[in-house]
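Spelled out, the chains give:
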Amino acid sequence: MKKIGKSAEYKAFLAALLACSVFLAGWADDPETIRKKVAFVESIRADFIQEKHLEMMDKPLISKGVLFFRAPASLRWEYKEPVRSVLLMHNDKISRYVETDDGIKARKSGNLETMRVFLEDICMWMQGRFDVNPDLNAEIKPSGTVVLTPKDKAMAEVIERIELRLSETPGVIDSVAIHENPASYTIIRFHDTKINKGIKEGVFQELNFKD
Amino acid sequence: MKMTVNKKKAYPWHWKELKNSSLTGRLSGRLTVGRGALLLAACFLLFIPGCRSFAPIEPAAPALHEDAARRCRDCFLDNSRQLVQSLTAYLPDGDVRDAIAVMRIYPENRKIRCVIMSAQGIVLFDGEYDGRVSVSRAVSPFDEKKFANEMFADIRLALLPPPGRLLAAGSLLDGTPICRYARKNDEGYCEVRLSKDGGPEIRQYTKAKKLLKTVRLCYAPACENAASGGGVKIASRITIYHHGLFDYRLELKLLETESLSPD
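Let me sum up the structure you'll find in this document.

Basis of the calculations
Residues numbered from 1 in each chain as written. Chains lettered and ligands numbered in written order. Predicted model: local features only at pLDDT ≥ 70, side-chain atom pairs only at ≥ 80, totals over all residues. Heavy atoms only, no water. Helix = DSSP H or I, 4+ residues; strand = E, 2+ residues; numbered from the N terminus. Polar contact = N/O pair within 3.5 Å; in protein donor to acceptor, adjacent residues only side chain to side chain. Contact = heavy atoms within 4.5 Å. Core = buried A, V, L, I, M, F, W, Y, C linked by side-chain atoms within 4.5 Å. Buried < 20%, exposed > 50% of the residue type's maximum accessible area, 1.4 Å probe, protein only. Pairing = 2+ DSSP bridges. Axes fitted to C-alpha atoms, helices over the stretch in contact; angles between N-to-C directions. Phe/Tyr/Trp six-rings, centres within 6.5 Å; stacked < 30°, edge-to-face > 60°.

**Description of the side chain of arginine 193 of chain B**
All names here are of chain B. Within the secondary structure, arginine 193 is located in strand E9 (residues 189-193). Of note is the side chain of arginine 193, whose polar atom sits 3.0 Å from the side chain of glutamate 191. Excluding residues within four positions of it along the chain, arginine 193 makes contact with Ala55, Leu172, Thr176, Pro177, Ile178, Pro200, Glu201, Arg203 and Tyr205.

Take a look at the structure:
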């Protein structure tokens, strides 16, 4: 019996390993191969649903939006619900817009530059470059997940870890989970991802009040 | 709610000016005419609200007094609720900050839990008021103790009935229904004005009757672009004005609400 059991465990282990390899078949499992496999990605458009989980809330707070990316470093991170806002990075300039009663308003607050790292990291992830941020340790797991953990203790107090769940399709990220602590985490699930379908130039231009 | 402003950090030049404009500075002849003018202007701005006195109240007839007081109390939450609101802070230096606030409010014991987060969901502040303020998480610039105290004071002012003695209930000379309270622990005064046109207005004064804060509540459907309380009278919009030399305002727009079982 013991021998049969061990054999079953071994088969299960092999099956799991195989499943894992299928997960990473699209992206591969080492940074250099991943980069090569997604080198063809020039642009991405994806809708997303963001779930904010808080221990104090019975159900997550849902936000919805759309992401546009164009290599190497143009990004539009737009929330459509519950509050419309747009975060733009293009030509090394970062700008933010929020919908108000008087239309879309540019926010020129001093903390915009603090968003730069966040936006630049997303651009890097879209290009399969998970290990370029020197402040984060990147671990590519066979399950098709990239786990990023802050090296700096102060940063780790804000974000415990980030988990990127990769799709089987190279260049497509299924979800991003940002774990702040066990009581608070955010999951951003991407869907309807379109790669290299062309993005209008205006998408990355500064918004005017009527957009 | 109040976004904290470290005036000395945010306005080093203003504070330097005021410091240099001290009596000692003047006696030592260091004060220039320009600085003197600035000092006068600052004092003028600073003390104008202090010159305000209470508007006279025509007391409600004894038979209607309790009804008038009840209508004032009706502006505030009477059951435990969770509120999700968008928060916009218009700071004294012209900066505008946006965030999402999630609050759990328990009127029966005046307990409040509040989480403020960025649009991306990163928690910037997580704290609780249960007679005293405790903060479990605060990211700069939300990590100053004064911020937490002021924020919970603002939430209590806007959403919970004034904790104190009702001094008068009646109407102003223009007919606006009003209740005036003496705040607990000799912490000044509070008024609830029930405007006929707009929503209620809550005012907080110091002991010297200087106006500190004004809160304006607006209920759906009068307030567009905001959620309604779903049949429960909950303000769809709350605007909190902080008066003084470094005045600023906070706007809260209701996104979601649900009832909670009592704590």
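**Quick word on unusual backbone geometry**
Residues and elements named next belong to chain A. Here the amide bond leading from alanine 71 into proline 72 is cis, since omega sits at 5 degrees, within 30 degrees of zero. Put simply, glutamate 81 and proline 82 share a cis peptide bond, and its omega is -5 degrees. With respect to the element layout, proline 82 can be found in the loop between strand E3 (74-81) and strand E4 (85-90).

**Some words on the nonpolar core**
Of all hydrophobic cores here, the largest spans 49 residues; its most connected members are Ile105, Ile116, Phe152, Ile155, Leu159 and Ile238 of chain B. At eight residues, the largest contribution of residues to this core is made by helix H6 (residues 145-159) of chain B. The next biggest cluster of nonpolar side chains, apart from the first, holds 37 residues, and it includes Phe48, Leu75, Ile159 and Ile162 of chain A.

**Overview of the sheet that holds E4 of chain A**
Residues and elements named next belong to chain A. Here 11 strands make up an open sheet; going across it, the order is E6-E5-E4-E3-E2-E1-E11-E10-E9-E8-E7 and the pairing antiparallel. Either end of the sheet is taken by a strand with one partner, and the two such strands are strand E6 (103-107) and strand E7 (136-141). Going across the sheet, the axis of each strand differs from the next one's by a mean of 20 degrees, ignoring polarity. One ladder, built from five bridges, connects strand E5 (residues 93-100) with E6; its direction is antiparallel. Counted as the bridge partner of threonine 100 is glycine 103 from E6. Against the sheet, helix H3 (residues 114-126) makes contact with strand E1 (43-54), strand E2 (61-70), E3, E4, E5, E7, strand E8 (145-150), strand E9 (161-166) and strand E10 (173-181), and its axis sits at roughly 70 degrees relative to E4, the strand it touches most.

**Observations regarding the packing of aromatic side chains**
Evaluation of the coordinates by the stated rule reveals 12 aromatic pairs over all chains. Where tryptophan 77 of chain A meets phenylalanine 190 of chain A, the ring centres are 6.4 Å apart and the plane angle is 70 degrees; that geometry is what we call edge-to-face. One end of the pair, tryptophan 77 of chain A, is in strand E3; the other, phenylalanine 190 of chain A, is in strand E11 (residues 184-195), with 113 residues separating them in the sequence. According to the relative accessible area criterion, tryptophan 77 of chain A is buried, its value standing at 2%. Given a relative accessible area of 11%, phenylalanine 190 of chain A falls into the buried group. Both rings, one in phenylalanine 54 of chain B and one in tyrosine 189 of chain B, keep their centres 5.1 Å apart while their planes meet at 85 degrees; by these two values the pair is edge-to-face. On the criterion of sequence distance, the pair formed by phenylalanine 54 of chain B in the loop between helix H4 (33-47) and strand E1 (58-59) and tyrosine 189 of chain B in strand E9 is long-range, its members being 135 residues apart.

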